[in-house]
Amino acid sequence: MAPSDGDRPDRRPSSSMAGKGGWAGLRDDEGGGRASTAPSQNDVLFGRGYAIARHPGNAALRAAVRARKPVFAASARTDKRRIAEDVVNDVRGRGGRFLAEDKRANGAAGRAAGTGDRAWIEVDFDAAVEKVMHRFREREAGATNAGEARSEAGAPPPERAAGGNPFAAAGGMDAVDLDLAWLDGETAGGEDEDLEPISLDEWRANSAAHCNGDRPPDVGRWDDVQPPTGAASVSDGKLPAHSSPTLSARPSNGAVPKRPSEPPAASPTSFYVEHGGTANGFPTTLTAFVRSGWRSVGGSEGVENAARVALALARAFDDSTLGTCVNAAQLDDFVVRRENGGAGGRWRVEPAPHVRRGRVDAPTARRALGRLLYSVFAGGEPPPPDLLAESSSPKGELDIMEQLARRFRSMDESTFSKLVEGGKFPVSICRLLSDLMSETESTFASLGDVARDLEQMLSNPRVFLHDSDSTAPVFGRANYGRKRESLALLEVTRRMADSTNRSSNFDVVETVFVSGIAGSGKSRLVHALGDALQSSGWVVIKAKFERGLEHASRRILSAMFDQLISHLVTMKQSRNPSDVAYSRCATKAIAESVGLEGLSSVADFLPSLSLLFERPLTHPYLGDGNERQLVFSLSKVIEAVLDSNWFLAICCDDLQWADKPTLTLLSELLVNLGGLKHISRRCLFAGLFRDNEIGDNHPLAIQMAYLQMMTCNINTTRIKVSSLSKHDIGDMLMMELRLPRRCVDELADAVQKKTSGHAFFVVELLNSLIRDSFIAYSPKLRCFSWDQDRINMLQTGDGVAALIVSNISSLPPASQRVLRILSCFGMHSDLSLLRILEKFEAGIVSALDDFVEQGILDRAGPIFMFAHDLILQAVYESVPMAEREVLHLELGEFLVTVAAADESTSIDQLTSGLGTMNLHDWEFFGGQSISASIISLACDQLNSAGCRDYYNHVQREKVANCNLAAGRKSLLQSDFHAARHYFSKGITFLWQECWLSNPMLCLALHQGAAIASSSLGEADDVASYADEVTKRASLKDSLAVQQTLLKALYTSGRHEECIARGLEILRRLDFDIPTSPTIQDTMKALSSTDAIASQYSIDQMCQLCEKTIEPSVHEVIRIVDCLFQSCYNSSSPMLPIIACEMMKFSFQEGIANESTMAFSIFAMLKIFTAGDYAAGRYWADAVRAIVQKQHAINESNAIKRFEDRPNIALYLAIDIWFSPARDISKNLLEYHKGAMKMGNTDVAMMALQTSWRFKLLAGENLSLIQQASEQRLELLSKHSPHATKCALLDNALMVELTGRPGHYFSSVFGGAVANMKDLQGQAKSSKDMHILQSSHVFNVLIHFWRGDYESAEESSSLASSILPAANMPTIYRIYHVFFRGLVKFQLYRKLGEDQRLEDGKTALGEVKKWAGNAAAVFGNKLLLLNAEYHASIGEHDAAWEMYGESIQASRDRGNVHELALAYELLGKHRSALGMTSAANECFAQAFAHYSSWGATAVADRLLQTHNIDVTGAASATKRSR
């Protein structure tokens, strides 16, 4: 179990801020009448607005934060809070306080008043610390005071700077701003005021204002545009047609979308600035406005305010309703009005009343607008005359960059150069104004382009309005053209936050599958999400599968999950007390949740568990492929590690290259996590794959379809990443080159045509253009320039691969050699491996940083990886095949030498060197070589080189032995796919005479391959390996692989083949097994076994457990153990013969754990064949003593697995004759819990199913049983198909009894089993006689409760015909005999036929025999059958007496179902005698007790059939209780 909140130390900062408006951190005495106060110069004010941003105390706080920010960023999470506390103490030390507005005292005046006129209240220490923490976490728009002022939520900032946007490092035009601070329970845009819900119409108006570059003062975030809740699929990069966006103000914590009390106006000519003047005198001229107090902000903020005014002016100037322009326009020709006539900083520009409308030519209008905009940016000053006297140039059809070059050819005389030299405006404004005021040609196609330029500047002021250096851009660091996909991802996280913050039934694991072609940008999209989540406190683990290394898929998955545990180990060794406390608490939770014994099933998958518990955790049984045990244990470990405050994101890339077992394991794990309430809503899985590389039958497609069906546990979102459009590429060029769209449109069009919008191709092409100086910075033009014709003629090869190869070929030969070596190891290589390889090729480690700088490699901690798998593919395939094989061979031989020098050498675990890191600060990444041993890496290289023709036998044997070692290591780690890969590769290196020269090597490789294939469920492959061994090796040497084959056959349901092969082996081992055993053969075997067994007491048999058993004997016992299971499921007559032979063998060789099942079967046979219940009970006691002795001798987990089936066999076949069903049900439920802790899910699920079956048959309340039946069925279907089929029978009976239908059959097996007939047909085809016979027994019960005795008799005949299953000592036999007797007696009285009476007497005789052993169990059944018998032969007085005794016995034992049945049968008897009134009284009692049981359908049938008084029955029932 996961630790409670009281046990687990808090790893997150406390939050005192309320989720909505206001602060929860006000001083405790606020509500007690604390007097308001006025702020001093040293106080820090909470809130937003220009005045607060400029308050001296707030400015001092920003300075203090800036000074400590580098230390804060490098500190651990717990240390960060201490730094924030130091800042708070510093403020208080200089007499400052942290004040929040007293809204109750201020009332409606609120914001209209200045800070000094408002009432303030001091907040508590925690709220102050949160304020400072929030300031530290903010990402600044730039290194300017204005940027800091915007962060203070003063004047409404333009679009957020790149640093705050995980989807666009430069705040791309089409990049969504994914801010996940709401997952921390805090806002990221300042202290938002109370917000109100917003309608769709209001949003449309607001979004128009947003597009204008405006933002009202009270809006938390108007740029967070989200798709509607439930928009779970984005296909082809488009939202569904019915989707409408919704808008929410921060915090985005799952609450209803918010709007401010005064939404922004929709007027295109409106703008927002904090005006320094008064409200009097408006409307006023634009000249007066721009010369007044709004520019007092100064610096870059003034430029941004001017741009807002300029944008509104450009729109008013170009508005078609006002005319094109007025000649010689001035700022006095426009007026400014306060928007909506109220207070605030929103204004609207419109022509003055005196303006005469008229039309002039476009150049005149353009120059007029240029002069107006100059005045706006110059604070009302008109442009000087020398700017208007630009020399003319010849006109012509010239491209944009040529026009720019021609116009700026004379730096000393051009308008642009004069504006730049003046130093008043940023370069982008200089370019805008010079283009407008040019006397000749212009790059503006229309005046609408002017507004678009200004919109672009305001949307990203850091890029366009604040000059920066001329550093060459690096494309690919930001995510462009992925807004819709990003919104869909954000919606998933928003759903998770919503379901977590509220009391919700949304208990599912969110899964997102992102598809697209190679290089489409899938990884960057999802990793941007991961980075944002991680910065918000999520735990993010990542893995990337690789082409050609499918066999390493499980290793990759293991390495990814193991980092959670390895970090607990690091925390355990930390000097930080909170880290140590958390590690200890998590360790305790793991032990309690899974148990040290159950951890054995996951210990090899998570090798760091042994380090965490400081004890070896061995795998329970070599070659056991029960993945369900791993799924259960791994789920519980994850649940224990993650407390209630953590979210987990699992990102798996290139799933199309993961092998089938790994995909199955992953999907089952997700489904299992979805069933854990503690973490289901806190787990996100993101899977990335190339959709053009999978078909409908691909394992990934099958698993995705499976997850989509599991809607109770999984919510699936599909996102398809499409190609980049010309507009997307234009956004990229605009942002990276810092140029208007009009200047990059032609280049964007050329790039799009050359690359077809392939994202990675676009990035590589643009970076190559920068690197080769096709695009270069021009000091003369003060921008990046290019020759468009030259780029148009550029040949880019056949695709991205050719371009990558071309780029890499320009590297020095030594660098190319290093890259080729790295490509031989796949996508990832960890630093410890590279240090080893430094001895193979000097200079590898020193070259890594250069490759990272060049964008060829990326780095995550000690892991170096190719920046994209297309780069890896291009590097690897650029090496000629012959050279590639030689390189693989050289690397393999080198690593073999390293391994031989130190067999313990392995790649260092990531636990080393992480002692000072915090879990929230570390990004875990699973990769192929991270946890791989040197020998496995050596094998990969040697196998890639292939079996060369010139290899001699010594070389072949050396490679085969390497593969054998790697395969055995993989088996020990339960990595069966990798194990089979290595074993099968080793077999390919064997030669024809190898079985003679080195038989042990050949045998070991084939045995290992058989074990691995069996664990993967591939019985045919196992048979192939086993047949080869049988032909080449002796019988003794082949026993191990034969046992593996039998297990594979049994597991796959091929019982007849399993029995035939197993019996053949036993006969070759001289076991006395008849070909066609008769009853006499069976009795003879029992007699001879009994004679031998009688010579041993229970104590002596326990002493035989101490005898040392040879390995070959163990193999024989395991072979017989497989036969037991197939014989039982197929009801084979060979079962008693084999059991007797195994007991004799055990008395001779010693009793092993595996042979205990034979003793359990022998106990069953005593009852089954001889009817000797006392002997059966004796042998049951002997089995329990043997099991207890074995447990005392051996404490290993491997032994404990074999105690399960013998014990459960005793519960189900022996205890049923001596103990009440209720008691057995309780024992089975406890047994289920213990088995689950051990990870033995097969037996645990069978125990769970039989426990609930016993509850059903024991008369427990049906409503309670059925209430959780669907959940139980879902749980069973994930772990045990056989138990699921048995549970379907139970549910069918419950539906008949209660009348409440359920979709039980359709919910499992993919709908392949729709009803009882389908289940019986499937059992027949698979020859599962156990399920088939059980289904007929349940049909007997179903027809009986319906009152259809003839159908019940028919089903009884079918059940009795399936021998020997019908006579096996099971719970089915007990209830079949009992109800068969009732049916026969009822039909005899109704239809006659003496045979029915005889059949009833036979059933009565059997029950009488059982009651002699356990009257408490069978006494009431015996009384009912006796009553029915006496009623059938006309002895009515005796019948009434027996009915009465049955009623009393049922009441005494609390068996309400048998009480109701007794009343019903008594009523039928009295009704047949014409005693209508007395009969109806009995029926009324039956009705009441059936209702009490929950069998409402049976009760309703009685109500409809008989005239009974329900009210009287109910009161009588109460009295009877």
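Throughout this document, residue positions are counted from 1 along each chain, in the order its sequence is written. Side-chain atom pairs in this predicted model are given and counted only at pLDDT of 80 or more, local residue features only at pLDDT of at least 70, and totals for whole chains, interfaces and linings cover all residues. With hydrogens and water stripped out, all remaining heavy atoms of the structure feed into the side-chain values.

Visitor: Would you mind going over the nonpolar core in detail, with residue names and values included?
Guide: Only buried residues count toward a nonpolar core, which is a set of Ala, Val, Leu, Ile, Met, Phe, Trp, Tyr and Cys residues joined through side-chain atoms within 4.5 Å. Working definition: with a 1.4 Å probe on protein chains only, accessible area under 20% of the residue-type maximum means buried, over 50% means exposed, and in between means partly exposed. With 252 residues, the main nonpolar core has Leu-837, Phe-1124, Trp-1345 and Tyr-1490 as its most contacted residues. The way it works is that DSSP assigns letters per residue, a run of H or I at least four long becomes a helix, a run of E at least two long becomes a strand, and they are numbered from the N terminus. Per element, the largest residue contribution to this core is 11 residues, and it comes from helix H58 (residues 1371-1391). Judged by nonpolar contacts, the second largest core, of 83 residues, contains Ala-316, Ile-429, Leu-447 and Phe-774.

Visitor: Please set out the pattern of salt bridges residue by residue, giving values where relevant.
Guide: Every case where a carboxyl oxygen of Asp or Glu lies within 4 Å of a side-chain nitrogen of Lys or Arg is listed as a salt bridge. Applying the stated rule across the entire model yields 54 salt bridges. A salt bridge links Glu-455 to Arg-315; the nearest nitrogen and oxygen atoms lie 2.4 Å apart. Here Arg-315 lies in helix H9 (residues 299-318) and Glu-455 lies in helix H14 (residues 448-459), a separation of 140 residues in the sequence. The residue Asp-1021 makes a salt bridge to Arg-980 at a minimum N-O spacing of 3.6 Å. Here the residue Asp-1021 occupies a position in helix H39 (residues 1019-1032), and Arg-980 occupies one in helix H36 (residues 976-988), the gap between them amounting to 41 residues. Judged by relative accessible area, which is 17%, Arg-980 ranks as buried. A network of salt bridges, in which partner residues are shared, links Lys-544, Arg-547, Asp-653, Asp-654, Arg-690 and Glu-693.

Visitor: Account for the sheet that holds strand E22 (residues 863-866), naming residues and giving values.
Guide: Taken in spatial order, the three strands make up an open sheet running E20-E22-E21, and their pairing is antiparallel. In this open sheet, the two strands that pair with only one neighbour each are strand E20 (828-830) and strand E21 (857-860). Each strand of the sheet is rotated relative to its neighbour by a mean of 25°, with strand direction disregarded. Paired strands, as defined in this entry, are two strands with at least two bridges between them according to DSSP. Bridging between E21 and E22 involves four bridges; their strand directions are antiparallel. Each bridged residue has a counterpart across the sheet, and for Leu-857 the counterpart in E22 is Phe-866. For this analysis, residues touch if any pair of their heavy atoms sits within 4.5 Å. A fitted line through C-alpha atoms serves as each axis, taken over the contacting stretch for helices, and the angle formed by two N-to-C directions is quoted from 0 to 180°. Contacts between helix H31 (residues 844-853) and the sheet are confined to E21 and E22, with E21 contributing the most and set at about 105° to the helix.

Visitor: Before we move on, could you go through the sheet that holds strand E2 (residues 98-101) and cite the residues and values that matter?
Guide: The sheet built from three strands is open, its strands ordered E1-E2-E3 with mixed pairing. Two strands bound the open sheet, and with one partner strand each, they are strand E1 (44-45) and strand E3 (120-122). Inspection of the sheet shows E1 paired to E2 by two bridges, in the parallel sense. Directly across from Leu-45, in E2, lies its bridge partner Leu-99.

Visitor: Residue-level account of the packing of aromatic side chains, with values.
Guide: Under the pairing criterion, centres of Phe, Tyr and Trp rings, with the six-membered ring standing for Trp, must be within 6.5 Å; the plane angle then separates stacked pairs below 30 degrees from edge-to-face pairs above 60, leaving the rest tilted. Taken as a whole, this structure holds 29 aromatic pairs when the rule is applied. With a centroid separation of 6.5 Å and 90° between ring planes, the pair formed by Phe-46 and Phe-98 is classed as edge-to-face. Here the residue Phe-46 occupies a position in the loop between E1 and helix H1 (50-53), and Phe-98 occupies one in strand E2, the gap between them amounting to 52 residues. Per residue, the accessibility class of Phe-46 equals that of Phe-98, and both read buried.

Visitor: Outline the side chain of Thr-287, listing residues and values.
Guide: Tracing the backbone shows Thr-287 in helix H8 (residues 286-290). Separated by 2.6 Å, the side chains of Thr-287 and Asp-332 make a polar contact. Setting aside anything within four residues of it in sequence, one finds Thr-287 in contact with Leu-331 and Asp-332. Pairs of N or O atoms within 3.5 Å make up the polar contacts considered here, provided that, within protein, one atom can donate a hydrogen while the other can accept it, and that residues adjacent in sequence are counted only when both atoms are side-chain atoms.

Visitor: Can you lay out the packing of helix H25 (residues 741-755) against helix H26 (residues 759-771) for me, pointing to particular residues and giving the numbers?
Guide: With their axes 9 Å apart at the nearest point, H25 and H26 run at an angle of 125° to one another. Considering their axes alone, H25 and H26 lie oblique with respect to each other. Judged by the twist between their axes, the crossing of H25 over H26 is right-handed. In contact with Val-751, Lys-754 and Thr-755 of H25, H26 contributes Phe-761, Val-762, Leu-765 and Leu-766. For classification purposes, angles smaller than 35 degrees are called roughly parallel, those larger than 145 roughly antiparallel, those between 65 and 115 roughly perpendicular, and all remaining angles oblique. Whether a crossing is left-handed or right-handed is set by the direction in which the near helix is turned from the far one by less than a right angle, anticlockwise for left-handed and clockwise for right-handed.

Visitor: Go over the environment of Lys-985, please, and point to the residues and values.
Guide: When you line up the elements, Lys-985 lands in helix H36. Owing to a relative accessible area of 30%, Lys-985 belongs among the partly exposed residues under this scheme. Sequence-wise, Lys-985 and Ala-960 are 25 residues apart; in three dimensions their C-alpha atoms are separated by 7.6 Å. Discounting chain neighbours no more than four positions away, the residues touching Lys-985 are Asn-943 and Asn-963.

Visitor: Can you explain the pairing of strand E18 (residues 775-778)? Please cite residues and give values.
Guide: Relative to strand E19 (residues 783-786), E18 runs antiparallel, the two being bridged by four bridges. Across the sheet, the residue bridging to Ile-775 is Trp-786, located in E19. Where E18 folds back on E19, the antiparallel hairpin that results is connected by four residues, among which Arg-782 adopts a positive phi of roughly 55°.

Visitor: Quick one: what's the story with the environment of Met-734, residue by residue and with numbers?
Guide: On the secondary structure map, Met-734 appears in helix H24 (residues 726-737). Taking relative accessible area as the criterion, Met-734 reaches 1% and is therefore assigned buried. With 10 residues separating them along the chain, Met-734 and Val-744 place their C-alpha atoms 6.7 Å apart.

Visitor: Please give an account of the confidence of the model for the chain that cites residues and values.
Guide: When pLDDT is averaged along the chain, the result is 77, and 76% of the positions lie at 70 or above. Across residues 108-112, confidence stays below pLDDT 50; counting only partners more than four residues off in sequence or on other chains, it has seven contacts. Here residues 390-396 is a poorly scored stretch, pLDDT under 50, and it has 10 contacts once near neighbours within four places are set aside; other chains count. The quantity known as pLDDT measures the predictor's confidence residue by residue, on a range of 0 to 100.

Visitor: Any details on the packing of helix H10 (residues 362-377) against helix H13 (residues 427-437)? Residues and values, ideally.
Guide: Two elements in contact, H10 and H13, have axes whose closest approach is 7 Å; the angle formed by their N-to-C orientations is 150°. Of the two elements, H10 crosses H13, and the hand of that crossing is left-handed. Listed contacts from H13 to Arg-366, Arg-367, Gly-370, Arg-371, Leu-373, Tyr-374 and Phe-377 of H10 are Ile-429, Leu-432, Leu-433, Asp-435, Leu-436 and Met-437. Classification used: nonpolar for Ala, Val, Leu, Ile, Met, Phe, Trp, Tyr, Cys and Pro, charged for Asp, Glu, Lys and Arg, polar for all others including Gly. In terms of residue class, the contact of H10 with H13 is made up of eight nonpolar, one polar and four charged.

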